[in-house]
Structure formats: C-alpha cells, structure tokens
Amino acid sequence: MASSLTCTGVIWALLSMLCAAASCVGFFMPYWLLGTQMDKPVSFGTFRRCSYPVRDEERQATVMLEQCGRYASFHGIPSLEWRICTVVTGVGCGLLLLVALTALMGCCISDLISRTIGRVAGGIQFVGGLLIGSGCALYPLGWDSEEVQQTCNNSSDQFQLGSCQIGWAYYCTGAGAAAAMLLCTWLSCFAGKKQKQYPY
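A short tour of the structure in this document, coming up. Everything numeric here is computed off the predicted structure, so don't read it as measured data. (Residues numbered from 1 in each chain as written. Predicted model: local features only at pLDDT ≥ 70, side-chain atom pairs only at ≥ 80, totals over all residues. Heavy atoms only, no water.)

1. A look at the overall build of the protein chain
- What the protein chain contains, in helices and strands, is five helices and five strands.
- Reading the protein chain from its N terminus to its C terminus gives the helix and strand order α-β-β-β-β-α-α-α-β-α.
- Expected size for 200 residues packed as a compact globule is a radius of gyration near 16 Å; at 21 Å, the protein chain overshoots this value by more than 25%.
- Dimensions of the protein chain, computed from the C-alpha atoms along their principal axes, are close to 80 × 30 × 25 Å.
- Out of the 200 residues belonging to the protein chain, those deemed buried represent 40%.
- Taking all contacts inside the protein chain whose residues are at least 6 apart in sequence as the whole, residues at least 24 apart take part in 67%.
- Computing the positive centroid from 12 side-chain charges and the negative centroid from 11, the protein chain places the two 21 Å apart. (Helix = DSSP H or I, 4+ residues; strand = E, 2+ residues; numbered from the N terminus. Rg over C-alpha atoms; globule rule 2.2 N^0.38 Å. Buried < 20%, exposed > 50% of the residue type's maximum accessible area, 1.4 Å probe, protein only. Contact = heavy atoms within 4.5 Å. Lys, Arg positive; Asp, Glu negative; His and termini not counted. Charge placed at Lys NZ, Arg CZ, Asp CG, Glu CD.)

Below, the structure is given as structure tokens:
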C-alpha cells in the first residue's frame with residue numbers, strides 16, 4: 001500500500017491517535033473531580049457522575065446509589081460552566097478524533113495528505129486542543145454548585161477544591177489536548193509528501 005505520509009507523518013498519525021484517544025477517554029470518564037458524600041466515594045465528570053443520593057421510601061431515608069450515569073438532561077448538569085465545558089470539550093475531542101482518523105487513513109492511501117493538507121490538519125488539531133484546554137479551564141468555575149459543595153464538605157468554591165481532589169480523567173484530557181496542540185501541530189508541518197507535478 002502506498003502512503004501519502006513521510007516518516008515524520010507516520011509518527012504524527014500515531015501520536016494524533018494517541019492524543020485523541022487520551023482526550024476522548026478522559027472526557028467521557030466521570031473522574032474529573034473526586035470527593036465523598038455520606039461516607040461513599042463520589043466522582044464527577046463534565047456530564048456524568050458516580051454515586052448520587054436517592055430517597056429510599058421503604059426506610060424513609062436518603063441513601064447513596066453507587067453507580068455511574070449521565071445526568072437526565074443537558075440542563076440537569078449542575079452548573080452553566082459545566083454545560084459550556086461539556087460542549088466545548090466535546091467539540092475539541094471530535095476535531096482531534098477527525099484529524100487522527102484522517103491521518104491514519106493517510107498511512108494507507110496515497111495522495112490523501114499533501115503538505116498543505118497536513119498543515120491544515122495541524123491547524124485543526126491546534127483549535128481542537130485549544131477548545132479542550134478552554135473546557136479544562138472552565139471546569140473549576142462549576143465547583144461552587146450545590147452538588148459539588150455537598151460532596152466537598154461545603155467548603156468548595158470556584159477554583160477552591162475544599163476537601164475534594166482532581167481526578168485522573170481531568171489530567172488525561174488536558175494532557176491529550178496539550179500534546180495535540182504542541183507536538184502534533186508541529187509534526188503536521190512535515191507530515192505530507194510533496195505532491196508530484198503532472199505535465200497537464
């Protein structure tokens with residue numbers, strides 16, 4: 001099979017896939033913020049949560065249901081900042097995934113990625129990484145919501161964790177975005193082969 005990528009381009013394609021996978025997995029997993037409520041571990045993502053209180057009518061008490069799930073609706077997400085973060089980060093992950101899949105196809109299809117297309121793809125990766133980075137920067141603005149405060153012993157506020165801590169998924173998402181912005185964007189400039197000039 002003929003490739004439209006240089007050796008640097010193949011490294012770019014593989015690194016792009018790795019960055020996109022890290023960002024997408026981190027975005028989807030509900031382990032951005034970790035805390036406890038009613039002596040049970042609780043974790044939040046941008047649009048998912050693990051362990052939440054429910055009313056047990058038999059015992060006439062509130063109990064913690066230890067399972068993960070999405071919020072019932074987009075407006076069920078605890079804060080406006082987290083809703084914006086969900087959209088912005090989701091779009092950024094989509095862009096990184098689109099470029100990564102295109103780059104991997106360039107490993108197998110000749111004349112798919114020229115130098116110009118590679119640079120445009122790098123620009124798209126930069127924008128995707130910037131969007132994800134913006135989402136990660138917006139996330140702490142939602143720490144003053146009632147749900148988060150209940151989990152963090154009523155001591156959390158914007159950019160103040162209280163008794164909670166940042167989880168691995170937040171770092172995974174941010175690291176994937178940073179690598180895409182810095183490494184992948186730079187490597188994309190050298191990814192495509194020069195196109196042959198045809199005499200017609």
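Still to come is the rest of the account.
2. A look at the environment of Cys107
- Tracing the sequence through the fold places Cys107 in the loop between α2 (80-106) and α3 (115-138).
- Take Cys107: its relative accessible area is 22%, and that puts it in the partly exposed class.
- Sequence spacing of Cys107 and Gly90 is 17 residues, and the spatial spacing of their C-alpha atoms is 26 Å.

3. Comments concerning the pattern of salt bridges
- A full pass over the atoms with the stated rule returns three salt bridges.
- For Asp56, the salt bridge goes to Arg59, with nearest N and O atoms at 2.8 Å. (Salt bridge = Lys/Arg side-chain N within 4 Å of Asp/Glu carboxyl O.)

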